[in-house]
Amino acid sequence: MDVASHPILFIAICALAYLLGSVLFAIPICQLSGLSDPRALGSRNPGATNVYRSGGPLPAIITLLLDALKGAAPVWLAQQFGFSVFAQAMVALCAVTGHMVPVWYRFQGGKGVATALGSGLVLAPLTTSLLALIWLLVLWRWRISALASVIALGSGPVISALLEPETLPMFGLLAIVIVIRHRNNLIRLAQGRESRF
């Protein structure tokens, strides 16, 4: 489906993606579980890593799955309406942007890695699966979530260009944004102060 011929529908899906992305599941999950606010722990990021620090693996896995689902759902919806891969990539970026600058939390959000994972698994499953494997290997070796995220997403443009070139613009933008969002983590990493998983 051509965006130019259905602009209102496309804008509606992008808006839905942003609003869904703006739901930071780490916060209500910690509240419902009686855990510490994830924004007060470690990197102060409302994501699965800090939920793990607060409450262990189960709430962290739930957070990861929900943050991924909110990225996957709007991209899947765009696919069902037959929008192009490029249009789907724009929807994915709207969901990730929602997580990073959420309207529901005064535009103070997280890093967007899990949401990018969910979006990518629908849009570019081969590239995203390989990036997830890289993330797991780096985390296993160095136990630093931020380092794993930067290396994995930073590899996205090269891997997508080889496997699913239509998605290169999305992975290129994600790589830039993810590195910027992790700038404080990278500074702490260089200083030897970054928290380990």
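Refer to the structure printed above.
Residues numbered from 1 in each chain as written. Predicted model: local features only at pLDDT ≥ 70, side-chain atom pairs only at ≥ 80, totals over all residues. Heavy atoms only, no water.

1. Notes on the pattern of salt bridges
Then, number 1: Using the criterion set out here, one finds 3 salt bridges in the structure.
Then, number 2: Ionic pairing is found between Asp67 and Lys70, a salt bridge with its closest N-O pair at 3.3 Å. In this pair, Asp67 and Lys70 both sit in helix α4 (residues 57-80), 3 residues apart, roughly one turn of the helix. Summarising the burial analysis for this pair, Asp67 and Lys70 share the class buried. (Salt bridge = Lys/Arg side-chain N within 4 Å of Asp/Glu carboxyl O. Helix = DSSP H or I, 4+ residues; strand = E, 2+ residues; numbered from the N terminus. Buried < 20%, exposed > 50% of the residue type's maximum accessible area, 1.4 Å probe, protein only.)

2. A closer look at a nonpolar patch on the surface
Then, number 1: Residues Leu126, Leu130, Leu133, Leu137, Val158, Leu162 and Leu163 make up a contiguous nonpolar surface patch of about 680 Å² in total accessible area.
Then, number 2: Looking at the nonpolar patch, the elements that each hand over two or more residues are α7 (125-142) and α9 (156-163).
Then, number 3: Ranked by the residues each element gives to the nonpolar patch, the list is headed by α7, at 4 residues.
Then, number 4: Within the element layout of this structure, Leu162 appears in helix α9.
Then, number 5: According to the relative accessible area criterion, Leu162 is exposed, its value standing at 69%. (Patch = residues over 30% accessible without salt bridge, like charges linked within 9 Å, V, L, I, M, F, W, Y side chains within 5 Å. Areas by Shrake-Rupley, 256 points an atom, 1.4 Å probe, with all protein chains shown as cover.)

3. Structural notes on the packing of aromatic side chains
Both the distance between ring centres and the angle between the ring planes are used here to describe each pair of aromatic rings.
Then, number 1: Taken as a whole and assessed by the stated rule, the structure comprises 1 aromatic pair.
Then, number 2: Ring geometry for Phe10 against Phe83: centres 5.6 Å apart, planes inclined by 55°, an arrangement best described as tilted. Here Phe10, found in helix α1 (residues 7-21), pairs with Phe83, found in the loop between α4 and α5 (85-100); they are 73 residues apart in sequence, far enough to count as distant. Judged on exposure class, the residue Phe10 and its partner Phe83 are both buried. (Phe/Tyr/Trp six-rings, centres within 6.5 Å; stacked < 30°, edge-to-face > 60°.)

4. Observations concerning the nonpolar core
Across soluble globular proteins, you tend to see nonpolar side chains buried next to one another.
Then, number 1: Core analysis: the biggest nonpolar cluster contains 26 residues, and Phe10, Phe83, Val91, Met170, Phe171 and Leu174 have the highest contact counts within it.
Then, number 2: Here this core takes 8 residues from α5, the largest share from any one element.
Then, number 3: By size, the runner-up hydrophobic cluster in this structure holds 5 residues, among which are Val138, Ile144, Leu147 and Ala148. (Core = buried A, V, L, I, M, F, W, Y, C linked by side-chain atoms within 4.5 Å.)

5. Some points on the environment of Ala48
Then, number 1: With respect to the helices, strands and loops of the structure, Ala48 is situated in helix α3 (residues 48-55).
Then, number 2: A sequence separation of 18 residues divides Ala48 from Leu66, and the C-alpha atoms of the two residues are 9.9 Å apart.
Then, number 3: Not counting the four nearest positions on each side in its chain, Ala48 is found in contact with Ala60, Thr63 and Leu64. (Contact = heavy atoms within 4.5 Å.)

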